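Survey of secondary and tertiary structure
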Amino acid sequence: EGRVEFRDVHFSYDPNREILKGISFEVPAGKTVAIVGPSGAGKSTISRLLFRFYDVQSGKILIDGQDIGGVTQESLRSVIGMVPQDTVLFNDTIAYNIRYGRFDASAEDIRQAADLAQIGPFIEHLPDGYETMVGERGLKLSGGEKQRVAIARTILKAPPILMLDEATSALDSHTEQEIQAALDMVSRGRTTIVIAHRLSTVISADEIIVLKDGRIAERGRHAELLAKD
Ligand code: ADP
Ligand code: ADP
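Residues numbered from 1 in each chain as written. Chains lettered and ligands numbered in written order. Predicted model: local features only at pLDDT ≥ 70, side-chain atom pairs only at ≥ 80, totals over all residues. Heavy atoms only, no water.

**Here's the deal with the overall build of the protein chain**
Counted only if it meets this: Helix and strand definitions follow DSSP, with helices as H or I runs of at least four residues and strands as E runs of at least two, each counted in order from the N terminus. Our radius of gyration is a C-alpha quantity, and the globule rule it is checked against amounts to 2.2 Å times the number of residues to the power 0.38. Here, residues are in contact when the closest pair of their heavy atoms is within 4.5 Å. Note that accessible areas follow from Shrake-Rupley with a 1.4 Å probe, and for residues the cover is restricted to the protein chains shown. The charge count includes Lys and Arg as positive and Asp and Glu as negative, but it does not include His or the ends of the chains. To locate a charge, take NZ of a lysine, CZ of an arginine, CG of an aspartate or CD of a glutamate.
Across its full length, the protein chain carries 7 helices and 10 strands. Over its C-alpha atoms the protein chain spans a radius of gyration of 18 Å, differing by no more than 12% from the 17 Å that the globule rule assigns to 229 residues. The C-alpha extent of the protein chain, read off along each of the three principal axes, is 55 × 40 × 35 Å. Pairs at least 24 residues apart make up 68% of the contacts formed inside the protein chain by residues separated by at least 6 positions. If you sum the accessible surface of the protein chain, you get close to 11,600 Å²; carbon and sulfur atoms cover 48% of it. Side-chain charges in the protein chain split into 27 positive and 33 negative, and the spacing between the mean points of these groups amounts to 3 Å.

If you want it as structure tokens, here you go:
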């Protein structure tokens, strides 16, 4: 399970300006759809609607055929994992940050998730900016390392649906490749929506949707989109 469907979705933050102008797409269970397009096109808005931070003005969003209009934000968060671009860490160990959302996880499971995300050596440390009562300072984590913490959290939580917001720049290309490999690993077999900033990172997506000014301008597989240019 985990099929996601947007059906003629219209949305505006304020009444004078429509942001999504009739968006329809389907992500079959276990498949990956990438959403690309220029800044301001409405990509993040799609992710906010899926979590019901806002509700659609018309049209429908369905998960396994159920309209999410009747589903609480809390239960949406339990079926959809989010790997954001920018992860804010809590004032506790990296291990705690990884098990956030799955407090029943065993130490062994946490370690395994951390190792898969390649953040294993850091898990007993606090993040940067925090200090223990005995004055031990937190570790300064790079953007890539913070993203690995979010990836480890998602591996542990193993939600049927994944929402990935790919990093724009910030990461050097070596780190980016490693993160990309870790993201590919977590998304395998899960329904995945990737907000991507470059076509080159979503070569293997089952469908790529090019969003422009709130409409789907083009759609297809990577090779098909390249062939059109
Ligand atoms: P993208 O992720 O493709 O860069 P967004 O979905 O973030 O685009 O934004 C789409 C449009 O909606 C932009 O023009 C942006 O300025 C506008 N927008 C985003 N968030 C809000 C908000 N909270 N209130 C009003 N307008 C917003
Ligand atoms: P952005 O400012 O990056 O565009 P959005 O407004 O699109 O962010 O909303 C996505 C944000 O919601 C993520 O950055 C993330 O912090 C938060 N979020 C939503 N659902 C979850 C979740 N299940 N787990 C963790 N964070 C979540």
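The structure having been displayed, the exposition proceeds.
**Regarding the confidence of the model for the protein chain**
Basically, it comes down to this: pLDDT is a per-residue confidence score from the predictor, ranging from 0 to 100.
The pLDDT averaged across the protein chain works out to 91; a share of 97% of its residues lies at or above 70. Across the predicted assembly, pTM comes out at 0.85 and ipTM at 0.70.

**Some remarks on the packing of aromatic side chains**
What counts here: Paired rings are identified among Phe, Tyr and Trp, the last through its six-membered ring, by centres lying within 6.5 Å, and are further divided according to the angle between planes into stacked (under 30 degrees), edge-to-face (over 60) and tilted (the rest). Each residue gets one of three labels from its accessible area relative to the maximum for its type: buried under 20%, exposed over 50%, partly exposed in between, using a 1.4 Å probe on protein chains only.
Counted under the stated rule, the structure contains 8 aromatic pairs. Relative to phenylalanine 25, the ring of phenylalanine 6 has its centre 4.7 Å away and its plane inclined at 10°; by these criteria the two rings are stacked. Here phenylalanine 25 lies in strand S2 (residues 20–27) and phenylalanine 6 lies in strand S1 (residues 4–11), a separation of 19 residues in the sequence. For the residue pair phenylalanine 6 and phenylalanine 25, the accessibility class agrees, reading buried in each case.

**Some thoughts on the sheet that holds S2**
The following threshold applies: Think of it this way: DSSP has to see at least two bridges between two strands before they count as a pair.
Ordered in space as S2-S1-S4-S5, the 4 strands form an open sheet in which the pairing is antiparallel. The sheet is open, and its two borders are formed by S2 and strand S5 (66–67), each paired with just one other strand. Pairing of strand S4 (residues 58–63) with S5, which is carried by 2 bridges, proceeds in the antiparallel orientation. Bridging across to S5, isoleucine 63 finds its partner in glutamine 66.

**Re the pattern of salt bridges**
Applicable threshold: A pairing counts as a salt bridge when a side-chain nitrogen of Lys or Arg comes within 4 Å of a carboxyl oxygen of Asp or Glu.
Counting across every chain of the model gives 8 salt bridges. Between aspartate 213 and lysine 21 there is a salt bridge, with the nearest N and O atoms lying 3.1 Å from each other. Of this pair, aspartate 213 sits in the loop between strand S9 (207–212) and strand S10 (215–220) while lysine 21 sits in strand S2; the two residues are 192 residues apart in sequence, bridging distant segments of the chain. For aspartate 213, a relative accessible area of 56% gives the class exposed. With a closest N to O distance of 3.0 Å, glutamate 207 and arginine 219 form a salt bridge.

**Considerations on unusual backbone geometry**
Even without being glycine, arginine 52 reaches a positive phi, approximately 60°. In the Ramachandran plot, alanine 158 falls in the positive-phi region, its phi being about 45° despite a non-glycine side chain. Following the sequence through the fold, alanine 158 ends up in the loop between helix H5 (143–157) and strand S7 (161–165).

**A word on the pairing of strand S3 (residues 32–36)**
A regular strand places its side chains so that they alternate between the two faces of the sheet. When you tally the buried positions in S3, you get 5 out of 5 residues, the bulk of the element. Bridging between S3 and S9 involves 4 bridges; their strand directions are parallel. Residue pairing across strands places valine 36 opposite valine 210, the latter belonging to S9.

**Here we look at the sheet that holds S10**
The following threshold applies: The axes used here are C-alpha line fits, helices contributing only the stretch in contact, and every angle between their N-to-C directions lies in the interval 0 to 180 degrees.
Within the open sheet, the 6 strands sit side by side as S6-S7-S8-S3-S9-S10. Their pairing is mixed. With one partner strand each, in any of the chains shown, strand S6 (80–83) and S10 form the two edges of the open sheet. Taking the axes of each pair of neighbouring strands and ignoring which way they run, one obtains an average angle of 20° across the sheet.

**Quick word on the site of ligand 1**
How we decide: Any residue with at least one heavy atom within 4 Å of a molecule or strand is counted as near it. Two N or O atoms form a polar contact when they lie within 3.5 Å of each other; inside protein one atom must be a possible hydrogen donor and the other a possible acceptor, and for residues adjacent in sequence the pair counts only when both atoms belong to side chains. Three classes are used, and their members are as follows: Ala, Val, Leu, Ile, Met, Phe, Trp, Tyr, Cys and Pro are nonpolar, Asp, Glu, Lys and Arg are charged, and the others, Gly among them, are polar.
Inspection of the region around ligand 1 gives 13 residues, with Arg17, Gly40, Lys43, Ser44 and Thr45 positioned closest. Take arginine 17: an N or O atom from its side chain is 2.6 Å from an oxygen atom of ligand 1. In the environment of ligand 1, an oxygen atom lies 3.0 Å from a nitrogen or oxygen atom belonging to the backbone of glycine 42. Expressed as a share of its isolated accessible area of 560 Å², the protein-covered part of ligand 1 is 66%. Split by residue class, the shell around ligand 1 holds 5 nonpolar, 5 polar and 3 charged.

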